[in-house]
Structures are given as structure tokens and as C-alpha cells.
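# Architecture at a glance
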Amino acid sequence: MGTVDLQTWAEGFDGTTRVVGVIGWPVRHSLSPPMQNAALAAVGRNWVYVPFAVAPEHVGDCMAAVRALDLVGLNVTIPHKAAVLAYMDDLGEEARALGVVNTIVNREGRLTGHSTDGEGFLRSLREIGEDVAGRDVCLIGAGGSARAVALAVCRAGARRLTVVNRTAGKAEALAEHLQPLAANTTLKALGLTTPEAEAAVRGAMVVIDSTAVGMYPHHDTAPVVPEEWLHAGQVVCDLTYNPRDTVLLQAARRQNAGTLDGTGMLIHQGALALELWTGEKAPVEVMRAALLAALARQQAVTGGKSQAP
Ligand code: NAP
């Protein structure tokens, strides 16, 4: 936390202040507290958002504490996104389909688990005037973030989704999992080094990199796909936000493709969580300013280390 006037800070709380937060293990690099507290101040809620470092063996106790302490809710980050599922009373559609929860809403002791990552990505894409509806999309990577984004891309009506991954079996498993949920999207899975992968990337109008290739501290590396595969007319999205300007996005710009960095998804998954807790529209620009400032501070202090969300 930066320097604050103690009296001003203390006057911000009273007997009606409520608590919301994020659990992870570790959680110290989370950018959500500055982003969400700025948002809470902007919407005039007498709430405070705090990080909780919760060891895996304490996830059950933590869910009991949400009820006992009447927390507004929680964000959930690595490694607890799947583990909290068992403690939910209800699940949103995405959380049910994905088997992971990144947002918990507590209504009088009844816990509902949601997943806002995929919709967060879509909102960030729409913010730059792009969409996946009716388009051919190539998703590189098949990890946790890929699953959420892939489901959202199918639900938003992509014509074709090709999942390309270093380990081809994981791309196949993701495509198989999505098949029953993706009535209007043609799904395909490929290994990253196959000749078909090049055709899939070249042929896609939206290319999404969900791998950690190019993430700090390994930011000075080759992009996940050769630069020559990218071209004008495409929009190239990188979910990595640290650094914002990854080697892939630099390559895409040199090839005159459009680009989207990972901060938009981070902001919008948080905005969607806030909307679930408050029932009101989130102050997205306030959240963006707070997140970008916190990211810049973190990069200045640590040289860049951070974790989602
Ligand atoms: P994850 O579950 O560990 O998945 C990592 C993926 O990257 C896997 O598909 C893995 O392939 C692939 N990969 C790793 N190293 C590779 C390499 N050298 N070459 C090719 N592929 C490689 O990770 P995640 O949680 O999805 O996170 C991935 C990235 O997304 C991170 O940079 C994270 O910060 C970012 N992220 C951003 C947001 C946001 O809101 N913007 C949210 C979540 C995550 P294999 O299957 O072959 O191992």
C-alpha cells in the first residue's frame, strides 16, 4: 500500500463496513485489491477488499468463514479455482461447464460460484471493436485460461475454433470437453509444431495466445508462433499482461495485425465479479486506471512478478 493519511484511512470504516476479498496461495502479487478498492470507493460502497493467503488444506474452513463472517463474497485464484467448487450451493452456467470458480457470491450464507474469465476476455475484445461471432478463431494453449476463453468463444458464436497446443493431447481433451457445449462452432485440435497449425493461425481472423510464453521473467524470448504466420486483417490477443507488450504483440504489430493485451481481460473479469456482488454496473475506467497504476508500481519494485487475477 502506498503512503496514506492514517486518519482519513481509519475514518473510512465503521460498524457497517463489509469485507470482500481474494483467496490464493500465494496471493501477495494479486492486483485485484488496488483495482477493486478503487472501484468500491468510486461506487460509494462501505466495503473493503482484502487478500487472503489460504493454504490448500484450509479451503473448506475458508468457505465456512465466508458464511460465519458474512463476507460479501470472494475472488478465487490459483490454486483454489477447482477446489472451492465442492463447497458451492449453486453454480453459474460457466462455472458448471468449466468445473472452476473465480468469483463467489454470498447471499445470506448461500454461496454461488461463477467464472467470469471467459466473458471478461470477450468484453475486452469488444472494447476494441472486435468480436468472434461468425469468425474463425485460433486459440494457442490449452491450460486453465484457455478453457475459460474457449468456452466463451464458442458461446459467442465463433464459426470455427482451432485449439493449438504444445501437448496435442491436451488440445484434443479441451476440444472434446467443449464439443457438447458448442453447437454452432466447428472445433479442431492440433499440435503446435504440425503443418496444419500454421494454416490454422494464418487462416484465423482472431488469434489468441493463452500460453505463458513471453511472460516475465522470460519476456525476452521468441513468440509462441513465427512472426510470418501473422498478418494484416487479424487481431492478435495475448492473455499475458506482464509485460503488457509481449514479444507476440510486437511481432503482430510489425505485421500490421491488430493487437489486444491481457490487461483488458483482467479488468473485465474483475468488473464482472464486482457486478455480481453489487448488482450495479462496474466503474471500468476507474478499475483500469487503478490496475495499470498497480501493475506499473509492481513492475518498478519487483521487476515485474505478478499473478492473475
Ligand atoms: P496454464 O494452465 O499453466 O497453461 C499454460 C499453457 O501454456 C499450456 O497450454 C502449455 O502447454 C503452454 N505452454 C507453456 N510453456 C510453453 C512453451 N514454452 N511453448 C508452448 N506452449 C507453452 O496457464 P494459465 O493459467 O492458462 O495462464 C497462461 C497465461 O495466461 C499466463 O501468462 C497468465 O498470466 C495469463 N492469464 C491471464 C489472465 C488475464 O486475466 N489476462 C487470466 C489468466 C491467465 P502444455 O499443455 O504443452 O504444457
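All chains considered together, the criterion is met by 19 salt bridges. The salt bridge involving E198 is made with R202; its shortest N-O contact spans 2.8 Å. Pair noted here: E198 and R202 are both in helix 8 (residues 195-203), with a separation of four residues, about one helical turn. The class for R202 is partly exposed, based on a relative accessible area of 36%. For D245, the salt bridge goes to R253, with nearest N and O atoms at 2.9 Å. In this structure D245 comes out as partly exposed when scored by relative accessible area, which is 34%. By relative accessible area, which is 43% here, R253 ends up partly exposed. Three or more residues are tied together by salt bridges with common partners; here these are E93, E94 and R155.

Time to look at the sheet that holds strand 2 (residues 47-53). A sheet is described by the order of its strands in space; here six strands give the open sequence 2-1-3-5-6-4, paired in mixed fashion. The sheet terminates laterally at strand 2 and strand 4 (90-91), the two strands that pair on one side only. Both strand 1 (residues 18-24) and strand 2 contribute to a ladder of seven bridges, which runs parallel. In the strand pairing of strand 2, V22 is matched with P51. Of the strands in this sheet, strand 1, strand 2 and strand 3 (73-76) touch helix 2 (residues 32-43), which is tilted by about 165° from strand 2. With respect to the sheet, helix 10 (residues 263-278) is in contact with strand 1, strand 2, strand 3, strand 5 (103-107) and strand 6 (110-114), its orientation differing from that of strand 5 by roughly 10°.

What follows concerns the domain arrangement of the protein. For the protein, the domain assignment lists domain 1 (6-116 + 264-301) and domain 2 (118-262). When each unit is reduced to the centre of its C-alpha atoms, the spacing between domain 1 and domain 2 is 27 Å. If you look at the interface, domain 1 gives 18 residues, while domain 2 gives 21 residues. Interface of domain 1 and domain 2: buried area, both sides summed, is about 1,700 Å²; carbon and sulfur atoms make up 57% of it. The biggest single contributor to the side of domain 1 that touches domain 2 is helix 10, with seven residues.

Cut-offs and rules
- Residues numbered from 1 in each chain as written.
- Predicted model: local features only at pLDDT ≥ 70, side-chain atom pairs only at ≥ 80, totals over all residues.
- Heavy atoms only, no water.
- Salt bridge = Lys/Arg side-chain N within 4 Å of Asp/Glu carboxyl O.
- Helix = DSSP H or I, 4+ residues; strand = E, 2+ residues; numbered from the N terminus.
- Buried < 20%, exposed > 50% of the residue type's maximum accessible area, 1.4 Å probe, protein only.
- Pairing = 2+ DSSP bridges.
- Contact = heavy atoms within 4.5 Å.
- Axes fitted to C-alpha atoms, helices over the stretch in contact; angles between N-to-C directions.
- Domains from an automatic or database assignment.
- Buried area = accessible area lost by both parts, 1.4 Å probe.

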